[in-house]
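Architecture at a glance
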Amino acid sequence: MDIDPIQATIAINKSYLNYLATTFYLSNGRLRNKFNDELYKRGRFLKGPILEATPPFKKGKTVGELVGEGVLAGSFNRLKSTALPMDRPLYTHQEEGIRKIVAERRNLVAATGTGSGKTEIFLLPIIDHLLKQNEQKKLDPGVRALLLYPMNALANDQLARLRKLFYNVPEITFGRYTGETEESEKAATEAYRKMYGAEPLPNELLSRERMREAPPHILLTNYAMLEYLLLRPKDNAFFDGIYADNWRFIVLDEAHTYSGAKGIEIAMLLRRLKDRVIKSEPGRISCIATSATLGKGEKDYPGIAKFASNLFGEEFAGTDVVGAVRQKELKENKTWGKPNPEVYIKWQKIIEQKNDFAIKLRQLIESGNKAGIPERGLFNAETESTKKKDIYTFLYEVLKGDAHLIQLQKELKNEPGLLQGVAEKIFADVADKGTRFIEQLAVSLVGLAVKARPEEEDQALLPARYHVLVRAIEGAYLSLDPDQAFFLSRHEKAYHSGHDFKVAELATCTGCGAHYLVGVVDNQGNGKYFVQPKEDYRDLYYFLMADYDLLEDVDEDEEAIAGSYSSELNKLELYKICAKCGRVDKDNILHFQCECDEPFIRKLYQVPSKEGKVTTCCVCGRFSPHGMIRRFSVGTDAAASVLTTSLYQQIRPQTKKSKKDNTVELADDDWGGTAENNAGVDSVPESAGRKLLIFSDSRQDAAFFAPYFNRTYMQILRRNLIVRALHENKHTALENEWRLQDLVKPLHKKVQEQNILPRMSKQDQINEIWKWLMYELLGFDRRLGLEGLGLIGFQLVKPERWKAPKALLKEPWNFTEDEIWSLMQIMLDSLR
């Protein structure tokens, strides 16, 4: 099992809640306890694991059958390869889309889910058009298809697929023209060899100069570069001249990203393009859009079609939208009964072992006999799996009649369910053994059922996936009643001792944890009232409870940074507020009246703020131009990084043999290269690592999050290695009074064991480790560094011939030598 959903959920929940608890520190012990009580309530911020059955997409005809019908060109067989098997069935939505584009000459929107093969829907019609032109001897240079991607990464991914598809058809050319594309052919070729360790295909146009000389048949770019291409005279070859009369397809990938102002810009860009290449003649270019998130079913097809019409400036009807169709659930098999459910855990362990087929099969049969599985069923399963030498066939033949699995299929037929609830229904007869045990039984059964299938290409007995839903923290709220009720969801009022009291939003100092009230002062009728902000107001008011001890003076360093702001620190205005209705006014006002029968008055300090920020805390005096006082909300990057890191660490590293995505099959060549992973090698072992795919609807969010996550994860990784190296050598370190350099060797050993810096020489690795240690020593990240978290500490080594300065031993100081040495250490720590 690649990942244990139970342990992963526990780890994600623990990491996320601990992150929130440490991010929002409250110095008031009573409030801190209330915050933690609310934070760690079961199910408040995380729900799962949730189990969902995911039937595969319904299958249609093969590429070979469409060729036989005459829908696709006869020369399609030239593309036959592992990348495009002629005998593999297409999904029905792929077949429908291809027929609409090729046979009916319709524009199309492929609104199907992730992993549904949207690329084939537009790529096969493009290839068909190019092959037919080639058959007619009309395939001269010039763009036929423009593939427009919102991100270069998506274009690069498509390139890897095109290399495999067009290896056997050198007549079809393709090229990527983005900001990464080299100007000269020589530089582009050298960059390709360096990146892939292989020679480029002759039909992949790598450089800008080569594409201008003979534009490729398939051009991949992004909308920003398309704008430049249309403007620059030197790129006219794509749109004007002898090679510019064959434009046939425009494809927009991830079309849902082109909404709002960006959608208007792209719509105008496409109209300019069409005006340039076809004089805006309707119907001459096939327009295709793809998206995994457009609409929620057939009822939305008319709206999707209208969106596409506005985007492309071409006609789209509701029937031009293609959605995915799932296979119906498997027919219910005749049951042979229920085994002892503990066999599922045993079988899963057997399947995961590295033993050969015969040993695994024998172990499965032996444990199955002990669990009460009928001998006849085990014999039939053994016979079928032995024929195919496939252990998953054995699982299929046994489990298809398992009453536990049949009941599980019924439970998930209509909707997903919480794993705990599903497990309690399926294994009610052993529920007395505890929730965790029956959940593990369900996980093991699911793990076996998703592998069990009669043939490699067939549907699994239970196609399924797990979900964990995590909610963001959206504010903390404090009641103004004497007991101060605490909430992590918006409340306007709280009931206490027979009265309703006002609830205010809470904020905290990121330095000392002092709590502030934040809101808006609203004029209502005859007075001013303190209310919660409905939106992200810029004119926020911050108040500090008057029972706080204010800072008497500001540190001179903070004073220099904060400037004139700090001079106002002790000139805070005292206010009073009715805790019941929220009426607020200055404390020195003569007539403070509210409509409450028994007003409950509390005293507050109004804290100066600018553009909704308080840059200096009135309690600790710390300053930050970005704001010292923080409301209870987290940035998307930080929270996503915590969740992603936790999940990533739960994925089991794997080593398997597979082809590199960016390689192509080349003929044997004794001089083809010295790199072991040269193109064409089918047994390249992938490094023992983990793979995680993260989706974002925002191109900008994705662009920022990728390096952010890499940076934060590597920081966590190296700090983890430092702590582990120290922990494993703690007795030696204490006994020998290790210095910084003494940690380098054991830390280097751990780096090599974990293969953390594989592309560096040993000396480069050691240099990098020194940087890690110096980063911690110099305290760049005082709050979250290892020293700030109390995991390590640094101490100055006293020189052998050290003498205390005589001036400090005399009047007026009269320090002892130990006091002077302590003072020097404090000064060095300040310097660090």
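Residues numbered from 1 in each chain as written. Predicted model: local features only at pLDDT ≥ 70, side-chain atom pairs only at ≥ 80, totals over all residues. Heavy atoms only, no water.

**A look at the overall build of the protein**
This is how the line gets drawn: Under the scheme used here, helices are H or I runs from DSSP no shorter than 4 residues and strands are E runs no shorter than 2 residues, and both carry numbers assigned from the N terminus. Relative accessible area decides the class of each residue, using a 1.4 Å probe on protein chains only: under 20% of the type maximum gives buried, over 50% gives exposed, and in between gives partly exposed. The contact criterion used throughout is that any non-hydrogen atoms of two residues lie within 4.5 Å. Calculation of accessible area relied on Shrake-Rupley with a 1.4 Å probe; when residues are assessed, cover is drawn exclusively from the protein chains displayed. We score Asp and Glu as negative and Lys and Arg as positive, and we do not count His or the chain ends. Positions of charges follow a simple convention, taking NZ of Lys, CZ of Arg, CG of Asp or CD of Glu.
The secondary structure content of the protein amounts to 26 helices and 24 strands. Referenced to the eigenvectors of the C-alpha coordinate spread, the extents of the protein come out at roughly 100 × 75 × 75 Å. Per-residue burial over the protein gives 44% buried out of 832 residues. Relative to all contacts within the protein whose residues are 6 or more apart in sequence, the contacts with residues 24 or more apart total 69%. Here the protein displays about 44300 Å² of accessible surface, and carbon together with sulfur accounts for 49% of that area. Across the protein, 117 positive and 116 negative side-chain charges occur, with their mean positions spaced 2 Å apart.

**Quick notes on a nonpolar patch on the surface**
The criterion, for reference: Residues qualify for a patch when their relative accessible area is over 30% and they have no salt bridge, like charges being joined within 9 Å and the nonpolar side chains of Val, Leu, Ile, Met, Phe, Trp and Tyr within 5 Å. Basic side-chain nitrogens of Lys or Arg form a salt bridge, by our definition, when they fall within 4 Å of a carboxyl oxygen of Asp or Glu.
Together, Met774, Leu778 and Phe780 make up an exposed nonpolar region whose accessible area comes to about 270 Å². The residue Leu778 is located in the loop between α24 (762–777) and α25 (806–809) in this model.

**Focus on the sheet that holds strand β1 (residues 46–53)**
Note the cut-off: For two strands to count as paired, DSSP must find a minimum of two bridges between them.
Strand order in this open sheet of three strands is β12-β1-β13, and the pairing throughout is antiparallel. Either end of the sheet is taken by a strand with one partner, and the two such strands are β12 (417–418) and β13 (464–470).

**Some words on the nonpolar core**
Defined as follows: We define the nonpolar core as a collection of buried residues of types Ala, Val, Leu, Ile, Met, Phe, Trp, Tyr and Cys that are connected through side-chain atoms lying within 4.5 Å of one another.
Within the largest apolar cluster, 55 residues are counted, with the highest numbers of intra-cluster contacts made by Leu20, Phe35, Ile473, Phe486, Tyr516, Leu517 and Ile629. The contact partners of Phe35, leaving out residues within four places of it in the chain, are Leu20, Ala21, Phe24, Leu26, Ile473, Phe486, Leu488 and Phe632.

**Concerning the packing of aromatic side chains**
Formally: Two rings from Phe, Tyr or Trp (for Trp, the six-membered ring) form a pair when their centres sit within 6.5 Å of each other. Planes less than 30 degrees apart are called stacked, planes more than 60 degrees apart edge-to-face, and all others tilted. Only when the NZ atom of a Lys or the CZ atom of an Arg is both within 6 Å of the ring centre and within 35 degrees of the ring normal do we say a charge sits over the ring.
The final tally for this structure, using the stated rule, is 22 aromatic pairs. One aromatic cluster is present, built from ring pairs that chain together Phe24, Phe35, Phe486 and Phe632. Lying across the ring of Phe249, Arg248 places its NZ or CZ 4.7 Å from the centre. Looking at Arg471, its charged tip hangs above the ring of Phe45, at a distance of 4.8 Å from the centre.

**Overview of the packing of helix α14 (residues 375–388) against helix α15 (residues 391–399)**
To describe two helices that pack against each other, one gives the angle between their axes and the distance between the axes. The condition is simple: Here an axis means a line fitted to C-alpha atoms, over the contact stretch when the element is a helix, while the angle between two N-to-C directions is reported on a 0 to 180 degree scale. Relative orientations are named as follows: roughly parallel for angles under 35 degrees, roughly antiparallel for angles over 145 degrees, roughly perpendicular for angles from 65 to 115 degrees, and oblique for any other angle. By definition, turning the near helix anticlockwise from the far helix through less than a right angle yields a left-handed crossing, and turning it clockwise yields a right-handed one. Any residue that is not Ala, Val, Leu, Ile, Met, Phe, Trp, Tyr, Cys, Pro, Asp, Glu, Lys or Arg is counted as polar, Gly included; the first ten are nonpolar and the last four charged.
Running from amino to carboxyl end, α14 crosses α15 at an angle of 150 degrees, the nearest separation of the two axes being 8 Å. Here α15 runs roughly antiparallel to α14, going by the angle between their axes. The handedness of the crossing between α14 and α15 is right-handed. Two secondary-structure elements touch here, α14 through Gly377, Leu378, Ala381, Glu382, Glu384, Ser385 and Lys388 and α15 through Thr393, Phe394, Glu397 and Val398. When grouped by side-chain class, the residues that make up the contact of α14 with α15 number four nonpolar, three polar and four charged.

**A look at the environment of Gln409**
Structurally, the position occupied by Gln409 is in helix α16 (residues 403–411). When its relative accessible area of 22% is taken as the criterion, Gln409 is described as partly exposed. As for Gln409 and Leu643, which are separated by 234 residues in sequence, their C-alpha atoms are 30 Å apart. Leave out the neighbours within four places in its chain, and Gln409 touches Leu461 and Leu462.

**Some details on the sheet that holds strand β7 (residues 204–205)**
What the eight strands build is an open sheet, ordered β7-β6-β8-β5-β9-β10-β4-β11; its pairing is parallel. The sheet is open, and its two borders are formed by β7 and β11 (321–322), each paired with just one other strand. In terms of strand pairing, strand β4 (residues 108–110) meets β11 through two bridges, oriented parallel. For Ala110, the partnering residue across the bridge sits in β11 and is Val322. In the packing of helix α10 (residues 260–278) onto the sheet, contacts are made with β5 (145–149) and β9 (249–252), and the angle to β9 comes to roughly 165 degrees.

**Details of the pattern of salt bridges**
Considering all chains together, one arrives at 39 salt bridges under this definition. A salt bridge links Arg99 to Glu69; the nearest nitrogen and oxygen atoms lie 3.0 Å apart. One end of the pair, Arg99, is in helix α4 (residues 92–102); the other, Glu69, is in helix α3 (residues 63–69), and 30 residues separate them in sequence. Under the relative-accessibility criterion, Glu69 is labelled partly exposed at 39%. A salt bridge links Glu573 to Lys586, with the nearest nitrogen and oxygen atoms 3.2 Å apart. Within this pair, whereas Glu573 is found in strand β21 (residues 573–578), its partner Lys586 is found in strand β22 (residues 584–586), the two being separated by 13 residues in sequence.

**Here's the deal with the packing of α16 against helix α18 (residues 435–449)**
It is the contact of α16 with α18, at a shortest axis distance of 11 Å, that shows an interaxial angle of 90 degrees. Taken together, α16 and α18 sit at an angle that is classed as roughly perpendicular. Judged by residue contacts, His404, Leu405 and Leu408 of α16 engage Leu445, Val446 and Ala449 from α18. Partitioned by chemical class, the residues of the contact of α16 with α18 number five nonpolar, one polar and no charged.

**Side note on the side chain of Arg602**
Topologically, Arg602 is positioned in strand β23 (residues 601–607). With residues up to four places along the chain from it excluded, the contact list for Arg602 reads Leu480, Asp481, Gln484, Met545, Tyr575, Lys576, Ile577 and Ala579.

**Looking at α4**
α4 sits mainly inside the fold: eight of its eleven residues count as buried. Listed in full, the buried residues belonging to α4 are His93, Gln94, Glu95, Gly97, Ile98, Lys100, Ile101 and Val102.

**Overview of unusual backbone geometry**
Omega for the peptide link from Gly48 to Pro49 comes to 0 degrees, which places this bond in the cis form. By the element assignment, Pro49 lies in strand β1. Here the residue pair Glu811 and Pro812 is connected by a cis peptide bond, since its omega of 5 degrees sits within 30 degrees of zero. Structurally, the position occupied by Pro812 is in the loop between α25 and α26 (817–831). Its identity as a non-glycine residue notwithstanding, Lys389 has a phi of 55 degrees, on the positive side. Counting through the fold element by element, Lys389 comes out in the loop between α14 and α15. Even without being a glycine, Glu737 presents a positive backbone phi close to 50 degrees. Inspection of the secondary structure puts Glu737 in the loop between α22 (730–735) and α23 (744–754).

**Remarks on the confidence of the model for the protein**
This is how it is decided: pLDDT expresses how confident the predictor is about each individual residue, on a scale running from 0 to 100.
In the predicted model, the protein carries a mean pLDDT of 86, and 91% of its residues have values of at least 70. Confidence drops under pLDDT 50 across residues 558–567; counting only partners more than four residues distant or on other chains, this segment forms 16 contacts. Across residues 656–687, where pLDDT falls below 50, the model places 50 contacts with residues more than four positions away in sequence or in other chains.

**Digging into the environment of Val744**
Along the chain, Val744 falls in helix α23. On the basis of relative accessibility, which here comes to 8%, the residue Val744 falls in the buried class. Among all residues touching Val744, those that are not within four sequence positions of it are Ile766, Ile769, Trp770 and Leu773.

**With respect to helix α9 (residues 223–231)**
Selection rule: Taking the helix axis as origin, the arc is that swept by the directions to the C-beta atoms. Between N or O atoms, a polar contact is any pair within 3.5 Å; within protein, one atom must be a potential hydrogen donor and the other a potential acceptor, and residues adjacent in sequence are included only when both atoms are from side chains.
The set of residues buried in α9 consists of Tyr223, Met225, Leu226, Leu229 and Leu230. Each buried residue of α9 sits inside an arc of 150 degrees when the element is viewed along its axis, so together they form one side. At the N-terminal end of α9, a side-chain oxygen is found 3.2 Å from the backbone nitrogen of Ala224, two or three residues along, and the residue is Asn222.

**Some points on the pairing of β5**
Counting buried residues along β5, five of its five residues qualify, which places the element largely inside the surrounding structure. Burial along β5 is two-sided: Ala145, Leu147 and Tyr149 and Leu146 and Leu148, pointing in opposite directions, are all buried. Examined bridge by bridge, β5 and strand β8 (residues 218–222) share five bridges and lie parallel to one another. Bridging from a neighbouring strand, Tyr149 pairs with Asn222 of β8. Of the strand pairs in this sheet, β5 and β9 are connected by four bridges, and their pairing is parallel.

**Concerning the state of the cysteines**
Quick reminder of the rule: Criterion for a disulfide: a pair of cysteine sulfur atoms within 2.5 Å.
Taken as a whole and judged by the stated rule, the model has zero disulfides. A disulfide-free cysteine, Cys512 has its sulfur positioned 3.7 Å from the sulfur of Cys509, the nearest such atom. In this model Cys620 remains outside any disulfide bridge; the closest cysteine sulfur is found in Cys617, 3.7 Å from its own.

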